[in-house]
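In case you want the letters, here they are:
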Amino acid sequence: GAVVSQHPSRVICKSGTSVKIECRSLDFQATTMFWYRQFPKQSLMLMATSNEGSKATYEQGVEKDKFLINHASLTLSTLTVTSAHPEDSSFYICSAMRGAGADTQYFGPGTRLTVL
Amino acid sequence: GQQVMQIPQYQHVQEGEDFTTYCNSSTTLSNIQWYKQRPGGHPVFLIQLVKSGEVKKQKRLTFQFGEAKKNSSLHITATQTTDVGTYFCAVTGNQFYFGTGTSLTVIP
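Let me begin by describing the structure that accompanies this report. Keep in mind it's a predicted model, so treat the numbers as computed, not measured. (Residues numbered from 1 in each chain as written. Chains lettered and ligands numbered in written order. Predicted model: local features only at pLDDT ≥ 70, side-chain atom pairs only at ≥ 80, totals over all residues. Heavy atoms only, no water.)

With that settled, the discussion passes to the state of the cysteines. Taken as a whole and assessed by the stated rule, the structure comprises 2 disulfides over all chains. One disulfide bridge connects Cys-23 of chain A with Cys-94 of chain A, the sulfur atoms lying 2.0 Å from each other. The chirality of the disulfide connecting Cys-23 of chain A with Cys-94 of chain A is right-handed, given an S-S dihedral of about 80 degrees. In this pair, Cys-23 of chain A is assigned in strand E3 (residues 19-25) and Cys-94 of chain A in strand E9 (residues 90-98), connecting sequence segments 71 residues apart. One exposure class covers both Cys-23 of chain A and Cys-94 of chain A, and it is buried. Put simply, Cys-23 of chain B and Cys-89 of chain B are joined by a disulfide, and their sulfur atoms are 2.0 Å apart. Taking the sign of the torsion about the S-S bond as the criterion, the disulfide between Cys-23 of chain B and Cys-89 of chain B, at about 65 degrees, is right-handed. Of the two residues, Cys-23 of chain B sits in strand E3 (residues 19-25) while Cys-89 of chain B sits in strand E9 (residues 85-92), which places them 66 residues apart along the sequence. Overall, the relative accessible area of 1% leaves Cys-23 of chain B in the buried class. Cysteine Cys-13 of chain A is unpaired, with the sulfur of Cys-94 of chain A as its nearest cysteine sulfur at 18 Å. (Disulfide = S-S within 2.5 Å. Helix = DSSP H or I, 4+ residues; strand = E, 2+ residues; numbered from the N terminus. Buried < 20%, exposed > 50% of the residue type's maximum accessible area, 1.4 Å probe, protein only.)

Further remarks concern unusual backbone geometry. With an omega of 0 degrees, the peptide bond between His-7 of chain A and Pro-8 of chain A qualifies as cis. Secondary-structure assignment places Pro-8 of chain A in the loop between strand E1 (4-7) and strand E2 (10-13). Residue Pro-8 of chain B is reached from Ile-7 of chain B by a cis peptide bond, and omega for that bond is -5 degrees. Inspection of the secondary structure assignment puts Pro-8 of chain B in the loop between strand E1 (4-7) and strand E2 (10-14). Within the chain, Ala-78 of chain B stands out as a residue other than glycine whose phi angle is a positive 50 degrees. Tracing the chain through its elements places Ala-78 of chain B in the loop between strand E8 (71-76) and E9.

Residue and element names in this part refer to chain B. Read across the sheet, 5 strands follow the order E1-E3-E8-E7-E6 without closing on themselves; strand pairing throughout is antiparallel. The sheet terminates laterally at E1 and strand E6 (55-58), the two strands that pair on one side only. Strand-to-strand twist in this sheet, taken as the mean axis angle between neighbours without regard to direction, amounts to 15 degrees. Sheet topology note: the strand E7 (residues 61-65)/E8 ladder contains 5 bridges and is antiparallel. Paired with Phe-65 across the two strands is Ser-72, which belongs to E8. (Pairing = 2+ DSSP bridges. Axes fitted to C-alpha atoms, helices over the stretch in contact; angles between N-to-C directions.)

Below, the discussion takes up the pattern of salt bridges. The full count for this structure, using the stated rule, is 4 salt bridges over all chains. Between Arg-24 of chain A and Glu-22 of chain A there is a salt bridge whose closest N-O contact spans 3.4 Å. The partly exposed category is assigned to Arg-24 of chain A, whose relative accessible area is 33%. Residue Glu-54 of chain B is joined to Lys-56 of chain B by a salt bridge in which the shortest nitrogen-to-oxygen separation is 3.7 Å. (Salt bridge = Lys/Arg side-chain N within 4 Å of Asp/Glu carboxyl O.)

Residues and elements named next belong to chain A. In spatial order, the strands read E1-E3-E8-E7; together these 4 strands make up an open sheet with antiparallel pairing. On the outer flanks of this sheet lie E1 and strand E7 (67-73), each paired with one strand and no other. Within this sheet the neighbouring strands show an average axis-to-axis angle of 15 degrees, counted without direction. Of the pairings in the sheet, the one linking E1 to E3 comprises 4 bridges and is antiparallel in character. By the bridge assignment for E3, Gln-6 is matched with Cys-23.

For any two aromatic rings, the description comes down to two numbers: the centre-to-centre distance and the angle of the planes. Under the criterion given, the structure shown has 11 aromatic pairs over all chains. Here Phe-107 of chain A and Tyr-35 of chain B contribute two aromatic rings whose centre-to-centre distance is 5.5 Å and whose plane-to-plane angle is 85 degrees, an arrangement assigned as edge-to-face. One end of the pair, Phe-107 of chain A, is in strand E10 (residues 105-107); the other, Tyr-35 of chain B, is in strand E4 (residues 32-37), on a second chain. With 5.9 Å between their ring centres and 45 degrees between their planes, Phe-19 of chain B and Tyr-87 of chain B make a pair best called tilted. With Phe-19 of chain B in strand E3 and Tyr-87 of chain B in strand E9, this pair connects stretches of sequence that are 68 residues apart. We note that Phe-19 of chain B, like Tyr-87 of chain B, is buried. (Phe/Tyr/Trp six-rings, centres within 6.5 Å; stacked < 30°, edge-to-face > 60°.)

So yeah, pure geometry; function would need other evidence.
Take a look at the structure:
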């Protein structure tokens, strides 16, 4: 099956710093990638849809200036959490769809962010 | 926005017992997908249902899509400890939404 990687898997940072998370599709080209956050024992909440070569589409309530998304190529999307605060601590998961019109999403292993 | 509720939120079963989780939508769905997330892991795609009344089986797992395409169920026969995890339904409308999830615990 399709493989999606995320880096780093865990990150601890100080409040006020920025953190970049990478999402890569390893064996396919992903025109669309999604970024989710998941709090403990809760469901996944879609943050934004990232399309290669265009601006990301953010869900209501997600600050685009705080969560910067760049989909620079068909295999890489990055999420940068700017000026992180303790309430940004969460599990961030990306997923990728293989090709236009595809329905199945392939998820990365997730990144555990802890902001002190 | 899209509302997708799952029940129950938690389920503890004895190994060998059956388990069912239900997914209910407020609107008619074009399709529904099911995912499994192991503790500490990421969601893994299980199946997609598209047709009204569709029933699909994967070994001990049976997936059903309601006739009105507003609800779906996942049934596991004779649970095993490897079935532990959270089961999410997911729907595609204008966006992609995950259900609230059902956390399954299997007691050996």
